[in-house]
Amino acid sequence: MNLDRAKFGLILLCLEVLIVLLFTIFVGYDLQADGSHEKHHVNPSQGGLRPQANTIVKYDSMYQDVHVMIFVGFGFLMTFLKRYGYSAVGLTMLLSAVAIQWGILCRGIFHHDDHGMINIEITSLINADFAAGAVLISLGGILGVSSPFQLTVMVLIEVFLYSLNEYIGAEIFKAIDVGGSMFIHAFGAYFGLALSRMMKPTKDINSTNEAATKTSDLFAMIGTIFLWIYWPSFNGALASGDDQHRAVINTLLSLSASLLMTFVWSGILSHENKLDMVHIQNATLAGGVAVGAVADLMIRPFGALIIGSIAGTISTLGYVYLTPFLKSKLGLHDTCGVHNLHGMPGVIGGIAGTIMAAMANEQVYGNSLYQQYPARAPVQNSSEFSEIVNEFADVEPGEGRTAASQAIYQLATLGVTLAIAIVGGSLTGLILRAPVFDNVPLDQHFDDVYFWECPEDEEKTKLMEANKNKGLDNRTFDFELGADSDTKNVASQAL
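None of the values given here were measured: they were computed from a predicted structure.

Draft legend 1. Quick look at the overall build of the protein chain. Within the protein chain, the regular secondary structure consists of 18 helices and two strands. Expressed as a percentage of the 495 residues in the protein chain, the buried residues total 51%. Sequence-distant contacts in the protein chain: of pairs separated by 6 or more residues, those separated by 24 or more amount to 77%. In the form shown here, the protein chain has an accessible surface area of approximately 22700 Å², with 62% of it arising from carbon and sulfur atoms.

Draft legend 2. Layout of helix α5 (residues 148-172). Its 25 residues give α5 an end-to-end C-alpha distance of 35 Å, which sits within 8% of 36 Å, the value for a rise of 1.5 Å per residue. Within two residues after α5, Lys174 carries a phi angle of roughly 55 degrees, on the positive side.

Draft legend 3. Structural view of the pattern of salt bridges. The tally for this structure, following the rule as stated, stands at eight salt bridges. Where Lys7 meets Asp438, a salt bridge forms, and the shortest distance between an N and an O atom there is 3.0 Å. Of this pair, Lys7 sits in helix α1 (residues 3-26) while Asp438 sits in the loop between α16 (403-432) and α17 (458-469); the two residues are 431 residues apart in sequence, bridging distant segments of the chain. Between Glu272 and Lys274 there is a salt bridge, with the nearest N and O atoms lying 3.5 Å from each other. Summarising the burial analysis for this pair, Glu272 and Lys274 share the class exposed. Three or more residues joined by partner-sharing salt bridges are found here, namely Lys174, Glu399 and Arg401.

Draft legend 4. Examining unusual backbone geometry more closely. Phi is positive for Lys174, close to 55 degrees, though the residue is something other than glycine. Along the chain, Lys174 turns up in the loop between α5 and α6 (181-199). On the accessibility criterion, Lys174 (31% relative accessible area) is partly exposed. Here Glu272, not a glycine, exhibits a phi torsion of approximately 55 degrees, which is positive. One can find Glu272 in the loop between α8 (241-269) and α9 (277-282). Glu272 sits in the exposed class, given a relative accessible area of 53%.

Draft legend 5. Representation of the packing of α8 against helix α11 (residues 300-330) in the model. One way to put it is that α8 packs onto α11 with a least axis distance of 7 Å and a crossing angle of 35 degrees. Between α8 and α11 the crossing geometry is right-handed. The class makeup of the residues in the contact of α8 with α11 is twelve nonpolar, ten polar and one charged.

Draft legend 6. Molecular detail of the layout of surface pockets. Within this model, the largest pocket holds a volume of roughly 1100 Å³. In terms of lining residues, the largest pocket is bounded by 38 residues, among which Ala175, Ile176, Leu238, Gln371 and Pro374 are the most central. The set of elements that each furnish at least two residues to the lining of the largest pocket consists of α2 (56-77), α3 (85-110), α4 (122-142), α5, α6, α8 and α14 (369-372). Among the elements that make up the lining of the largest pocket, the one with the highest residue count is α5 (five residues). Looking at side-chain class alone, the lining of the largest pocket contains 16 nonpolar, eleven polar and eleven charged residues.

Draft legend 7. Representation of the packing of aromatic side chains. Taken as a whole and assessed by the stated rule, the structure comprises twelve aromatic pairs. Aromatic side chains Phe76 and Phe219 sit 6.3 Å apart centroid to centroid with 15 degrees between the ring planes, which places their arrangement in the stacked category. Of the two residues, Phe76 is situated in helix α2 and Phe219 in helix α7 (residues 214-236); the sequence distance between them amounts to 143 residues. Since its relative accessible area comes to 23%, Phe76 is described here as partly exposed. Three or more aromatic residues link up through ring pairs in this structure, and these residues are Phe110, Phe160 and Tyr167. Looking at Arg401, its charged tip hangs above the ring of Tyr409, at a distance of 3.6 Å from the centre.

Draft legend 8. A nonpolar patch on the surface, seen in detail. On the surface, Leu10, Leu13, Val17 and Leu21 cluster together into a nonpolar patch covering about 380 Å² of accessible area. Relative to the assigned elements, Val17 resides in helix α1.

Draft legend 9. Representation of the side chain of Gln406 in the model. Inspection of the secondary structure assignment puts Gln406 in helix α16. For Gln406, a relative accessible area of 0% puts it in the buried group.

Draft legend 10. Quick peek at empty space enclosed by the protein. Tallying each qualifying case throughout the model produces one cavity of 30 Å³ or more. Of the volumes computed, that of the largest cavity is approximately 40 Å³. Lining the largest cavity, in full, are Leu193, Thr323, Leu326, Leu332 and Asp334. Looking at side-chain class alone, the lining of the largest cavity contains three nonpolar, one polar and one charged residues.

Draft legend 11. Seen up close, a negative patch on the surface. Taken together, the side chains of Glu362, Glu384, Glu387 and Glu391 make up a negatively charged region of the molecular surface. Per element, the largest residue contribution to the negative patch is three residues, and it comes from helix α15 (residues 383-391). Here Glu391 shows up in helix α15.

Draft legend 12. Examining the environment of Gly28 more closely. Its location among the elements puts Gly28 in strand β1 (residues 27-29). Not counting chain neighbours up to four residues away, the residues in contact with Gly28 comprise Met117, Ile118, Asn119 and Ile120.

About the thresholds
Residues numbered from 1 in each chain as written. Predicted model: local features only at pLDDT ≥ 70, side-chain atom pairs only at ≥ 80, totals over all residues. Heavy atoms only, no water. Helix = DSSP H or I, 4+ residues; strand = E, 2+ residues; numbered from the N terminus. Buried < 20%, exposed > 50% of the residue type's maximum accessible area, 1.4 Å probe, protein only. Contact = heavy atoms within 4.5 Å. Areas by Shrake-Rupley, 256 points an atom, 1.4 Å probe, with all protein chains shown as cover. Expected span 1.5 Å × (residues − 1). Salt bridge = Lys/Arg side-chain N within 4 Å of Asp/Glu carboxyl O. Axes fitted to C-alpha atoms, helices over the stretch in contact; angles between N-to-C directions. Left-handed = near helix turned anticlockwise from the far one by under 90°. Nonpolar A, V, L, I, M, F, W, Y, C, P; charged D, E, K, R; others polar. 1 Å grid on protein atoms, 1.4 Å probe; cavity = no way out; pocket = protein on both sides within 12 Å on 5 of 7 lines; lining within 4 Å. Points joined across faces, edges and corners; volume = space filled by probe spheres on them. Phe/Tyr/Trp six-rings, centres within 6.5 Å; stacked < 30°, edge-to-face > 60°. Lys NZ or Arg CZ within 6 Å of the ring centre and 35° of its normal. Patch = residues over 30% accessible without salt bridge, like charges linked within 9 Å, V, L, I, M, F, W, Y side chains within 5 Å. Lys, Arg positive; Asp, Glu negative; His and termini not counted. Charge placed at Lys NZ, Arg CZ, Asp CG, Glu CD.

Printed below as a string of structure tokens:
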């Protein structure tokens, strides 16, 4: 047994045992999922109350859509690297599973009952998938240059900070962000970018494996298409009623606009005015990110198109100009371009949310304004609250905020999100640089063969080991899948 290789499996085993123990002590079913509760013995014919419909009926369809996005959409989107397909799909599965379990526990720290128990139901699983989404966005920033051990530790730290930030923004600041433009996308992107910057080795990351083939790009487009189709469910999963209806409509319109603008700018700005598959795989999705914070609001259909157009334009320009600039001037390596797909569009969504909060009034929303922005509802026992409740019984007492004060809280939430993400990502990067976390050698970046059994790569593995024994640089030989025999023979003779 290779103890260095087996170490990661043993660590995962210990982690799962710990999670099982924590679930045993602190986690139980919510009332709706608890088969032992007396609700199942209520008899309406004898004067009992009829039990309410279980929310699994309301949420399950969109939950499954979000689940597909996490495990299929994100996983295949990252398969664009020609020699990193196993890792892209496999690590997405691993990290998502860890994030879902750990996310339930971390969110439960801030959302539990009076006895300290974490009661879970279908919306708990949706929120856990959202935490996994933030993790996978961060993974995009360091894809190919980090070990599974490093990534697992990243999940444990990031999911806690994600839960903390979501609690501050949604519960304390009472900011509105139904699709997670700030809480998921901006947080995940800037956490990943800060992590990448701090984990950067002394030498530049420059590998011939950091490239695509036609086949790998086609696989990545599978991920893009799944994400594009299911994104309305992602943004509308936790909304309800007409809010959810608007979220689906607005998200689809915004995605459509970002797709069109990506094709426009990719054709104009790319070499020889040919479309660039990197832009099509990523910037076409930017509209779904940017509209997330306002998807359930009254932004009007034309507003959704404007947001999507801006997001698609900014994202494509980012891939053409900003990513090369940040790499050359700041040494910031961003494997998947998460700054362009999630970071900047997430900030755009946060700013759009601030503007919409400042404009929101009863003329536009009626009394549903106080469901859309609960903190704007009048305080308990006030005459204003009594008047509203007489007409609209579902309103809960709030803080009596004005439109301007709600807008300030929205902007503050964006600022806090960026601060926690950047500081948290930087500190996590410093931690993960320690040798104990199995740093990936420079000559084996973006290559499955370092962590996976790759049958077709046995010859390359032997040559790499021979290289290492002779003190040679493995980057001398670039063995792509499907390389012809003459190329391999030349490399063998060089040894």
